[in-house]
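Structure at a glance
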Amino acid sequence: PVSVTSNVVDIISGDNQFSTLLMALKLAGLDTALIGDGPFTVFVPTNDAFDALPQALADMLLLPANIEQLANVLKYHVVAANADSSSLTSGNIETLNGKSVEVDVSDMGITVGGANFVGPDMIANNGIIHAIDTVMMPPADSTDEPEEEPIEPEEETTEPEEETT
């Protein structure tokens, strides 16, 4: 079977609906990492998911100066574990970029980070692939600085102003 001889990247590259992701993985230099031993669970956005991104965001992520940001987004789609759809439960799981993503399992189906699973599990020799219908964006990094207090409007005085004539 293909699952014995093919790694995650082999399976992604063999399916035309994932060509945009494959190009992004190569651009970010992550294609070689996903050839490794794993195990990896990869939530793979379809080409339609990438097409649904705002054009300005897609263009920004593909600029050579933003490779680190692109890699961060892509790592948010990878978990260092074998997680087939039958073993998933609702809750948060940590991705390779260090941020957690929420998995929701219900009678309606499975979502991860708000993205719907849109196909069967694809088994590779180093992990599992789940096709999803949305490119997930990792939450922004929080800073250690305290949040600014909202500025209260100054109270208005109730004394009438004197008119000058």
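In case you missed it, the structure is sitting above this.
The sections below set out a description of the structure shown in this document.

Here is what the cut-offs are and how they apply
Residues numbered from 1 in each chain as written. Predicted model: local features only at pLDDT ≥ 70, side-chain atom pairs only at ≥ 80, totals over all residues. Heavy atoms only, no water. 1 Å grid on protein atoms, 1.4 Å probe; cavity = no way out; pocket = protein on both sides within 12 Å on 5 of 7 lines; lining within 4 Å. Points joined across faces, edges and corners; volume = space filled by probe spheres on them. Helix = DSSP H or I, 4+ residues; strand = E, 2+ residues; numbered from the N terminus. Nonpolar A, V, L, I, M, F, W, Y, C, P; charged D, E, K, R; others polar. Core = buried A, V, L, I, M, F, W, Y, C linked by side-chain atoms within 4.5 Å. Buried < 20%, exposed > 50% of the residue type's maximum accessible area, 1.4 Å probe, protein only. Contact = heavy atoms within 4.5 Å. Arc of directions from axis to C-beta. Axes fitted to C-alpha atoms, helices over the stretch in contact; angles between N-to-C directions. Parallel < 35°, antiparallel > 145°, perpendicular 65-115°, else oblique. Left-handed = near helix turned anticlockwise from the far one by under 90°.

1. Re the layout of surface pockets
Empty space within the largest pocket amounts to approximately 200 Å³. As for the largest pocket, its lining consists of Thr20, Met23, Ala24, Phe50, Asp51, Leu53, Gln55, Ala58, Leu61, Leu62, Leu70 and Val73. Only helix 3 (19–28), helix 4 (47–51), helix 5 (55–61) and helix 6 (67–75) provide two or more residues apiece to the lining of the largest pocket. Partitioning the lining of the largest pocket into residue classes produces nine nonpolar, two polar and one charged.

2. Brief notes about the nonpolar core
The biggest cluster of nonpolar side chains holds 30 residues, and the ones touching the most others in it are Ile12 and Leu74. Looking at this core, the elements with two or more residues in it are helix 2 (8–13), helix 3, strand 1 (40–45), helix 4, helix 5, helix 6, strand 7 (122–124) and strand 8 (127–132). Ranked by residues supplied to this core, first place goes to helix 3 with five residues. In this structure Ile12 touches Phe18, Leu21, Leu22, Leu25, Val44 and Ile129, once residues within four positions along its chain are discounted.

3. Notes on helix 3
Among the residues of helix 3, Leu21, Leu22, Ala24, Leu25 and Ala28 are the ones counted as buried. The buried residues of helix 3 occupy one face: seen down the axis, they fall within an arc of 165 degrees. Within two residues after helix 3, Gly29 carries a phi angle of roughly 75 degrees, on the positive side.

4. A word on the packing of helix 3 against helix 6
The N-to-C vectors of helix 3 and helix 6 enclose an angle of 125 degrees; their axes lie 9 Å apart at closest approach. Here helix 6 runs oblique to helix 3, going by the angle between their axes. Taken as a pair, helix 3 and helix 6 cross one another with a handedness that is left-handed. Of helix 6, the residues touching helix 3 (which contributes Leu21, Ala24, Leu25, Leu27 and Ala28) are Ile67, Leu70, Ala71 and Leu74.

5. Considering empty space enclosed by the protein
Scanning the model with the defined rule gives one cavity of 30 Å³ or more in all. Taken as a whole, the largest cavity encloses approximately 40 Å³ of empty space. In this structure, the largest cavity is lined by Leu21, Leu25, Leu34, Val42, Phe43, Pro45, Leu74, His77 and Val78. Breaking the lining of the largest cavity down by element, the ones donating at least two residues are helix 3 and strand 1. Examining the composition of the lining of the largest cavity, we find that three residues originate from one element, strand 1, more than from any other.

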